[in-house]
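# Structural description and commentary
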Amino acid sequence: MQHLLTLENLDHATITRLLDRAERFRVEGAPRDLLAGCTVLTLFFEHSTRTRTSFVLASKRLGADTLNFDLTHSSTSKGESLLDTLHTLEAMHLDALVVRHNENGMPAYLAGHANSDVAVINAGDGTHAHPTQGLLDALTIRQRRPDFENLRIAICGDIRHSRVARSDVQAFHALGSHDIRLCAPATMLPESLDEFPGSNTTEDFDAALADADVVIMLRIQKERMAAAQFPEAADYHAHYGLDTRRLALAAKNCQVLHPGPINRGIEIAPEVADGPQSRILDQVANGVATRMAVLAELLAARS
Amino acid sequence: MQHLLTLENLDHATITRLLDRAERFRVEGAPRDLLAGCTVLTLFFEHSTRTRTSFVLASKRLGADTLNFDLTHSSTSKGESLLDTLHTLEAMHLDALVVRHNENGMPAYLAGHANSDVAVINAGDGTHAHPTQGLLDALTIRQRRPDFENLRIAICGDIRHSRVARSDVQAFHALGSHDIRLCAPATMLPESLDEFPGSNTTEDFDAALADADVVIMLRIQKERMAAAQFPEAADYHAHYGLDTRRLALAAKNCQVLHPGPINRGIEIAPEVADGPQSRILDQVANGVATRMAVLAELLAARS
Amino acid sequence: MQHLLTLENLDHATITRLLDRAERFRVEGAPRDLLAGCTVLTLFFEHSTRTRTSFVLASKRLGADTLNFDLTHSSTSKGESLLDTLHTLEAMHLDALVVRHNENGMPAYLAGHANSDVAVINAGDGTHAHPTQGLLDALTIRQRRPDFENLRIAICGDIRHSRVARSDVQAFHALGSHDIRLCAPATMLPESLDEFPGSNTTEDFDAALADADVVIMLRIQKERMAAAQFPEAADYHAHYGLDTRRLALAAKNCQVLHPGPINRGIEIAPEVADGPQSRILDQVANGVATRMAVLAELLAARS
């Protein structure tokens with residue numbers, strides 16, 4: 001495993017190994033010198049302070065040096081091509097590039113053109129994949145329910161445009177899930193289920209929630225709400241927002257996840273986000289541990 | 001002591017312990033691994049490269065990891081609430097948040113809502129408090145004159161809106177001072193002396209300077225000068241600027257302080273800022289040592 | 001040697017010592033604690049992610065702490081003078097300031113006004129000097145051809161405004177070169193050769209290339225092309241762009257250098273930039289090693 005670009009082809013054993021390592025890091029901490037001498041560079045073409053911070057913390061906690069490459073004023077704005085930037089960074093002997101880009105496939109494109117053994121980690125590309133999010137969501141669920149084959153999982157929100165939903169489904173399916181309910185208004189449902197193994201779709205939120213063991217709410221964008229005929233956030237909330245009343249439709253200890261940042265009162269009510277079934281802050285903590293596990297997996301041999 | 005939000009309630013012994021530690025760090029240096037494994041995050045809602053750099057250096061010199069949270073493009077601009085940001089950062093297991101905000105009380109608000117044992121350090125909030133500045137100014141003065149009970153201290157400038165003046169007065173008063181002269185045009189004097197124990201006010205700069213052992217000049221903002229009927233900087237300087245002639249009114253070895261950055265030729269003449277009585281650069285050096293002492297006090301037990 | 005401001009006065013022995021050290025760092029790596037306890041601050045008044053990243057990596061790989069001073073919102077924008085910023089940074093006990101500025105001589109001005117033993121490293125000032133680029137270019141050439149006294153070196157592009165060209169020529173001349181051909185349209189040739197020892201000028205690119213052992217192509221700016229009567233990039237490329245056909249005029253194993261970022265299809269054709277004679281990525285790798293050598297030379301005694 002040189003890169004982490006998608007979860008599409010990762011099998012049960014590989015994902016389990018990564019999650020086991022992340023769990024160990026979370027519980028026992030990690031050796032501060034595991035990646036001493038390694039350099040991790042974050043290359044974000046979309047802003048995301050949370051995800052960037054999570055990767056930087058994960059790197060530092062393993063002893064790696066970190067660098068943020070600020071692209072706002074970088075050479076790419078002087079007309080340097082992305083591949084020239086890649087090769088320049090490789091020549092500086094970086095060990096990992098953590099890449100976020102608004103276009104699908106850009107991390108894979110960089111990985112495919114790398115000359116060296118640099119590890120490219122996809123931190124989210126377009127609507128395609130967000131593999132560390134998929135892993136950290138699987139870790140979070142597994143901490144309470146390791147029996148993925150029995151789980152009823154509802155994912156609700158803008159599935160069509162969500163890289164989180166794609167990576168989540170691929171992780172859960174690899175771990176054995178086959179009852180994954182993708183729920184959204186029609187304009188936000190995927191046009192094909194090719195990227196969503198083990199899933200089915202519904203526009204009926206109550207049906208999706210029935211006896212669910214896990215509910216994952218996705219962040220909704222205002223523009224998309226309007227396109228789905230919900231001019232007001234309150235309308236969306238009335239139809240697809242998770243509140244206490246609706247959560248009661250799910251199984252007794254149903255876990256509630258959200259990749260954050262949350263829109264309080266839109267896709268999720270505050271009393272649910274802050275309630276006892278919410279795993280949202282566990283997701284954040286698991287995110288750092290998961291990224292540590294990924295970095296350790298990809299880089300530990302070389303430090 | 002979990003947080004440092006204000007100096008209002010700190011007693012003589014606590015302040016002295018912090019200053020002693022800062023002095024030791026300045027003279028002897030500090031163990032590079034005192035805070036190894038700790039993470040300090042700077043969360044600045046107002047720009048201040050100097051103060052941020054001082055905190056970052058202090059953290060690094062004790063072996064802590066540091067992170068700047070860039071709020072310009074952070075989730076708070078996507079509508080994430082400040083408390084959600086706080087809880088997200090806590091879930092990432094940060095040890096200290098160094099917070100600057102233009103609203104009074106925001107660091108205390110965050111400290112009051114923290115779920116974990118994160119230490120919140122106020123790096124300046126509105127007109128309320130700037131506790132590390134108060135401590136470093138006390139340290140600077142003490143290096144030459146430890147007898148605070150005997151000192152005549154003049155503070156001149158926009159006292160009303162100055163968090164530096166408030167924290168300075170509270171530190172000096174706790175250390176025994178009772179002759180603190182707040183000097184400004186009427187529009188810049190405080191409406192009440194509740195937050196300024198041991199102080200009196202005057203509009204007469206010469207009177208404030210008479211036999212003073214310490215003069216602290218505050219940075220003046222152009223907007224405020226105009227409101228005080230000084231349309232030109234030269235007018236302000238003529239009435240409230242510290243030059244050599246005026247400094248001669250003070251005691252022989254009167255120390256001159258300024259929190260920086262200075263406005264040369266407005267509140268302070270270059271020959272005074274760069275002269276033998278100026279402690280301005282000592283304040284900067286003491287600032288790093290003071291922040292090291294605060295971080296060590298709040299975090300050393302946990303590293 | 002306290003500062004590195006220009007290569008103008010460095011002799012053969014000094015440059016050779018620096019290049020030997022850089023070569024050793026590149027081949028053998030460097031002790032990770034050589035500069036432990038030192039702090040290197042980058043102070044860039046012009047954006048340059050590549051050069052800044054190279055200096056930061058060099059510092060980290062020797063164990064120094066690094067800080068970027070973001071001037072966009074710094075006190076200099078509040079009217080603090082550059083010298084006040086310098087003295088403030090000195091008071092914080094920084095060991096090195098890496099300075100880039102669009103005005104000639106600004107790093108030397110700061111070095112001349114430093115009160116402490118801080119090392120000022122010029123990372124490029126106006127059209128004046130870019131000494132680490134000169135050194136890394138010399139190192140790159142020397143790895144294949146250490147006999148500078150025999151080399152025919154062509155430098156092509158906007159020589160007049162190029163700090164790279166000045167520092168390159170000064171390095172090569174100190175190492176023995178005396179056949180350095182500066183080639184450009186008339187508007188881009190220097191008005192005097194005082195700063196270009198061992199050089200001659202020509203507007204004829206083919207003549208400059210004849211039997212050259214080294215060709216250094218400089219990045220060209222669109223505004224300057226227009227002033228030189230080349231309204232279109234294609235016109236410039238036809239006259240002064242290095243392509244395979246032109247490169248055949250040079251000596252058999254002629255090395256091709258470019259300080260980057262390259263303008264593909266303008267001053268250099270992709271097949272040359274990516275071809276077997278290109279040393280462009282070696283320059284990047286040598287850049288980090290050279291900056292490590294400079295930092296070690298200036299700071300190692302004090303860590």
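Residues numbered from 1 in each chain as written. Chains lettered and ligands numbered in written order. Predicted model: local features only at pLDDT ≥ 70, side-chain atom pairs only at ≥ 80, totals over all residues.

This part is about the interface of chain B and chain A. Between chain B and chain A, the residue contacts involve 19 residues of the former and 18 residues of the latter. For the side of chain B that touches chain A, the elements supplying multiple residues, two or more each, are strand E2 (65–69) and helix H3 (82–91) of chain B. At four residues, the largest contribution of residues to the side of chain B that touches chain A is made by H3(B). (Contact = placed C-beta atoms within 7 Å. Helix = DSSP H or I, 4+ residues; strand = E, 2+ residues; numbered from the N terminus.)

What follows deals with the pairing of strand E4 (residues 119–125) of chain B. Every regular strand shows the same layout, with side chains that alternate between the two sheet faces. All names here are of chain B. The element E4 is largely enclosed, with a buried count of seven among its seven residues. Sheet topology places strand E3 (residues 96–101) next to E4; five bridges connect them, and they run parallel. Each residue of the ladder has a partner; that of His-101, found in E4, is Asp-125. (Buried ≥ 20, exposed ≤ 12 C-beta atoms within 10 Å, placed from the backbone. Pairing = 2+ DSSP bridges.)

As a further point, take helix H2 (residues 49–61) of chain A. Residues and elements named next belong to chain A. Taking 1.5 Å per residue, 13 residues should reach 18 Å; H2 reaches 18 Å between its end C-alpha atoms and fits that length. Of all 13 residues in H2, 13 are buried; the element is thus mostly enclosed. Phi turns positive, to about 90°, at Gly-63, one or two residues after H2. (Expected span 1.5 Å × (residues − 1).)

Residue and element names in this part refer to chain C. The residue Ala-22 is located in helix H1 (residues 12–28) in this model. Using a count of 28 C-beta atoms within 10 Å as the deciding quantity, one classes Ala-22 as buried. When neighbours within four sequence positions are excluded, Ala-22 is seen to be in contact with Leu-139, Asn-286, Ala-289, Thr-290, Met-292 and Ala-293.

To continue, consider the domain arrangement of chain A. Residues and elements named next belong to chain A. Segmenting chain A into domains produces domain 1 (12–128 + 284–302) and domain 2 (131–279). Put simply, the middle of domain 1 and the middle of domain 2, counted by C-alpha atoms, are 27 Å apart. Each partner contributes residues to the interface: domain 1 has 20 residues there, and domain 2 has 17 residues. Here the side of domain 1 that touches domain 2 is composed, by residue class, of seven nonpolar, nine polar and four charged. (Domains from an automatic or database assignment. Nonpolar A, V, L, I, M, F, W, Y, C, P; charged D, E, K, R; others polar.)

Our next topic: the sheet that holds strand E6 (residues 179–183) of chain B. Residue and element names in this part refer to chain B. Within the open sheet, the five strands sit side by side as E7-E6-E5-E8-E9. Their pairing is parallel. Looking at which strands have only one partner, the edges of the open sheet turn out to be strand E7 (199–202) and strand E9 (255–257). Adjacent strand axes in the sheet meet at a mean angle of 20°, parallel and antiparallel pairs treated alike. Where E6 lies against E7, four bridges are found, and the strand directions are parallel. Opposite Ile-180, over in E7, you have Ser-199 as the bridge partner. (Axes fitted to C-alpha atoms, helices over the stretch in contact; angles between N-to-C directions.)

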